[in-house]
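# Overview (structure and organization)
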Amino acid sequence: MNFKGRSLITLLDYTPEEIQHFIHVARRLKKEKAEGIPHKVLTDKNVVLLFQKDSTRTRCAFEVGAMDLGMGVTYIGPTGSQMGKKESVKDTARVLGRMYDGIEFRGYLQSDVEMLAAHSGVPVWNGLTDLYHPTQILADFLTIEENFGHLKGINFTYFGDARNNMGNSLMIGCAKMGMHFTAAAPKHLWPNEALIKTCQAIADQTGATLAFTEDPKAGAKDADVLYTDVWVSMGEPKEVWEKRIEMLHSYQVNATLLGLAKKSAIFMHCLPAFHGKDTEIGTEIATNFKDKYPSVSEGSLEVTDEVIESKQSVVFAEAENRMHTIKAVMLLTLGGQ
Ligand code: CP
Ligand code: NVA
């Protein structure tokens with residue numbers, strides 16, 4: 001396996017063995033950190049983090065991960081650079097590639113992260129685009145491995161907008177790792193046909209299965225993992241909320257759905273999550289739609305507060321694992337071991 005100099009644009013570019021190795025190295029780095037064993041092995045290197053969209057976890061995971069490895073880090077936020085306004089992505093790539101050893105990009109277009117990778121000459125890591133969120137999947141799979149001891153054969157169900165960056169990337173990841181992926185969503189929110197076809201071809205090799213259902217209860221039955229994500233993603237207009245609630249309110253992960261899964265099932269969410277009135281948007285939605293959709297009246301949208309606060313929820317361990325897995329990605333692609 002050779003990781004040095006490679007970008008992480010989509011998990012489609014990595015073999016199951018390579019994905020497993022990212023997770024293996026992340027486990028080692030996590031253990032070392034817990035035991036206070038430093039691993040500042042990239043002290044002569046610097047990375048830049050380019051964010052066109054907001055972030056808590058991804059930004060902090062890259063920053064802490066880079067600092068733990070001994071690297072310098074520059075953060076450029078949604079308003080802080082010339083990119084896309086006065087300077088093309090291609091020119092930005094050629095400038096940053098001459099200063100930095102690696103580039104993280106979070107934004108809208110998958111073609112932008114591809115452009116950075118093609119022209120910077122250094123590893124580029126996709127920290128989320130409209131299409132994919134590959135580093136999140138590595139953290140999710142580390143978390144599943146920690147809970148079940150393995151990935152292969154896990155019954156994994158994703159509820160909600162299955163054609164967003166999370167739905168797409170989880171389907172790819174499950175196909176690669178021989179898992180049983182089910183998307184429980186209205187038909188027009190299933191991943192696109194071409195991606196399903198690509199993933200089915202991978203699944204045929206790995207023993208994975210892919211299933212799609214409009215019945216949330218059928219999706220929950222016998223699941224090991226129930227996973228959901230926000231119903232409206234970053235970059236989508238506010239106006240889509242009403243239609244999305246109408247389409248997805250019956251896919252809210254609540255105690256009834258969790259009760260249909262295996263007793264040992266875990267609940268996962270990439271976060272941030274709407275599970276109460278403690279957020280501006282959660283409160284606004286609860287106020288505007290409570291009469292028509294009572295299930296969202298408490299500000300719990302894609303998941304209830306009860307489920308996310310339950311013993312079966314692993315969402316905060318999952319969030320921590322962003323850092324360990326992103327650190328592993330940087331370490332390996334920058335030439336470390
Ligand atoms: N899960 C995730 O990517 O979170 P942030 O948007 O906070 O980075
Ligand atoms: N689908 C979500 C994921 C957030 C981590 C979004 O793009 O906003």
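Report on the accompanying structure. Because the structure is a prediction, the values reported are computed rather than measured. (Residues numbered from 1 in each chain as written. Chains lettered and ligands numbered in written order. Predicted model: local features only at pLDDT ≥ 70, side-chain atom pairs only at ≥ 80, totals over all residues. Heavy atoms only, no water.)

### A few points about the site of ligand 2
Formally: Each residue is tested against the molecule or strand, and it is near if at least one of its non-hydrogen atoms lies within 4 Å. Identification of polar contacts relies on pairs of N or O atoms within 3.5 Å, with a donor-acceptor requirement for protein atoms, meaning one able to donate a hydrogen and the other able to accept it, and with residues adjacent in sequence counted only if both atoms are side-chain atoms. The method behind every accessible area is Shrake-Rupley, applied with a 1.4 Å probe, and residues are considered shielded solely by the protein chains displayed. When residues are sorted by character, Ala, Val, Leu, Ile, Met, Phe, Trp, Tyr, Cys and Pro go into the nonpolar class, Asp, Glu, Lys and Arg into the charged class, and all the rest, Gly among them, into the polar class.
In the region of ligand 2, the neighbouring residues are Leu-128, His-133, Asn-164, Asn-165, Asp-229, Val-230, Ser-233, Met-234, Cys-270 and Leu-271. Interatomic distance of 3.4 Å between a side-chain N/O atom of Asn-164 and a nitrogen atom of ligand 2. The contact in question runs from a nitrogen atom of ligand 2 to an N or O atom on the side chain of Asn-165, over 2.8 Å. Within the complex, the protein chains bury 95% of what would otherwise be the 270 Å² of accessible surface of ligand 2. Residue classes in the shell around ligand 2 are distributed as 5 nonpolar, 4 polar and 1 charged.

### A few points about the sheet that holds strand β1 (residues 46-51)
Inclusion rule: When DSSP finds two or more bridges between a pair of strands, those strands are recorded as paired. Going along the chain from the N terminus, every DSSP run of H or I of four or more residues is numbered as a helix, and every run of E of two or more is numbered as a strand. Orientation is described by axes fitted as lines to C-alpha atoms, over the contacting stretch for helices, and by angles from 0 to 180 degrees between their N-to-C directions.
Spatial strand order, β2-β1-β3-β4: 4 strands in an open sheet with parallel pairing. Both outer strands of the open sheet, β2 (72-76) and β4 (124-126), are each paired with one neighbouring strand and no more. Averaged over all adjacent pairs, the angle separating strand axes in this sheet is 20 degrees, with direction ignored. As defined by bridge partners, β1 adjoins strand β3 (residues 102-106) across 5 bridges and the pair is classed as parallel. What sits directly across from Phe-51, in β3, is Arg-106.

### With respect to the pattern of salt bridges
Heads up, the rule is: In what follows, salt bridge is the name for a side-chain nitrogen of Lys or Arg lying within 4 Å of a carboxyl oxygen of Asp or Glu. Partly exposed describes any residue whose relative accessible area lies between the buried limit of under 20% and the exposed limit of over 50%, with all areas from a 1.4 Å probe on protein chains only and scaled to the type maximum.
Scanning all chains against the criterion turns up 19 salt bridges. Close ionic contact of Glu-246 with Lys-243 constitutes a salt bridge, the shortest N to O distance being 3.8 Å. A residue pair is termed a helical-turn pair when its members lie 3 or 4 positions apart in one helix, as Glu-246 and Lys-243 do in helix α9 (residues 241-248) at 3 residues. Given a relative accessible area of 40%, Glu-246 falls into the partly exposed group. Where salt bridges share partners, they join Asp-161, Arg-163, Glu-236 and Arg-244 into one cluster.

### What about the side chain of Asn-126?
Short version of the rule: For this analysis, residues touch if any pair of their heavy atoms sits within 4.5 Å.
For Asn-126, the position within the fold is in strand β4. Accessibility expressed as a relative area gives 0% for Asn-126, which makes it buried. Among the polar contacts listed, one links the side chain of Asn-126 to the backbone nitrogen of Leu-128, at a separation of 2.8 Å. When near neighbours in sequence (up to four residues on either side) are disregarded, Asn-126 contacts Leu-8, Ile-9, Phe-105, Gln-110, Val-113, Tyr-132, Pro-134 and Thr-135.

### Topic: the site of ligand 1
In the region of ligand 1, the neighbouring residues are Ser-55, Thr-56, Arg-57, Thr-58, Arg-106, His-133, Gln-136, Cys-270, Leu-271 and Arg-322. With respect to ligand 1, the side chain of Gln-136 contributes an N or O atom lying 2.9 Å from a nitrogen atom. If ligand 1 stood free it would expose 260 Å²; the protein chains cover 96% of that surface. Residue composition of the shell around ligand 1, by class: 2 nonpolar, 5 polar and 3 charged.

### Notes on helix α3 (residues 89-99)
Inclusion rule: What the arc measures is the spread of directions leading from the helix axis to the C-beta atoms.
Within α3, burial applies to Val-89, Thr-92, Ala-93, Leu-96 and Gly-97. On an axial view of α3, the arc spanned by its buried residues comes to 125 degrees, and they lie on one face. Residues of α3 that are exposed and point more than 90 degrees away from the buried face comprise Arg-98 and Met-99. On its buried face, α3 is in contact with β1, β3 and α4 (110-120).

### Details of the nonpolar core
Rules: We call a set of buried residues a nonpolar core when its members are Ala, Val, Leu, Ile, Met, Phe, Trp, Tyr or Cys and they connect through side-chain atoms within 4.5 Å of each other.
Counting 98 residues, the largest nonpolar core has Phe-141, Ile-144, Phe-156 and Leu-226 as its most contacted members. For this core, the element with the highest residue contribution is helix α13 (residues 315-333), accounting for 9 residues. Not counting residues up to four positions away in its chain, the partners in contact with Leu-226 are Thr-157, Phe-159, Ala-220, Val-253, Leu-257, Leu-258, Ala-261, Ala-265, Ile-266, Phe-267 and Met-268. Ranked by size, the runner-up nonpolar core spans 15 residues in total, among them Ile-9, Ile-76, Met-83 and Val-89.

### Some points on the packing of aromatic side chains
Aromatic ring pairs are described here by two measures, namely the spacing of the ring centres and the angle between the planes. Cut-off, in case you're wondering: The aromatic pairing rule takes the rings of Phe, Tyr and Trp, using the six-membered ring of Trp, and pairs them if the centres are within 6.5 Å, calling planes under 30 degrees apart stacked, those over 60 edge-to-face and the rest tilted. A ring is scored as having a charge over it whenever the NZ atom of a lysine or the CZ atom of an arginine sits within 6 Å of its centre and within 35 degrees of its normal.
Per the stated rule, a full pass over the model turns up 11 aromatic pairs. Consider the rings of Phe-156 and Tyr-227, whose centres lie 5.6 Å apart with planes at 35 degrees: the pair is tilted. Here Tyr-227 lies in strand β8 (residues 225-228) and Phe-156 lies in strand β5 (residues 155-159), a separation of 71 residues in the sequence. Each member of the pair, Phe-156 as well as Tyr-227, is classed as buried. Centroid distance Phe-181 to Phe-212: 6.5 Å. Interplanar angle 65 degrees. Geometry classified as edge-to-face. On the criterion of sequence distance, the pair formed by Phe-181 in strand β6 (residues 180-184) and Phe-212 in strand β7 (residues 209-213) is long-range, its members being 31 residues apart. Residue class for Phe-181 comes out buried when judged on its relative accessible area of 1%. Here Phe-212 falls in the partly exposed class, since its relative accessible area comes to 24%. In this structure an aromatic cluster arises from ring pairing among Phe-156, Tyr-158, Phe-181, Trp-190, Phe-212 and Tyr-227. Of note, Arg-6 hangs over the ring of Tyr-14, and the distance from its end group to the ring centre comes to 4.1 Å. The ring of Tyr-75 carries the charged tip of Arg-59 above its face, separated from the ring centre by 3.5 Å.

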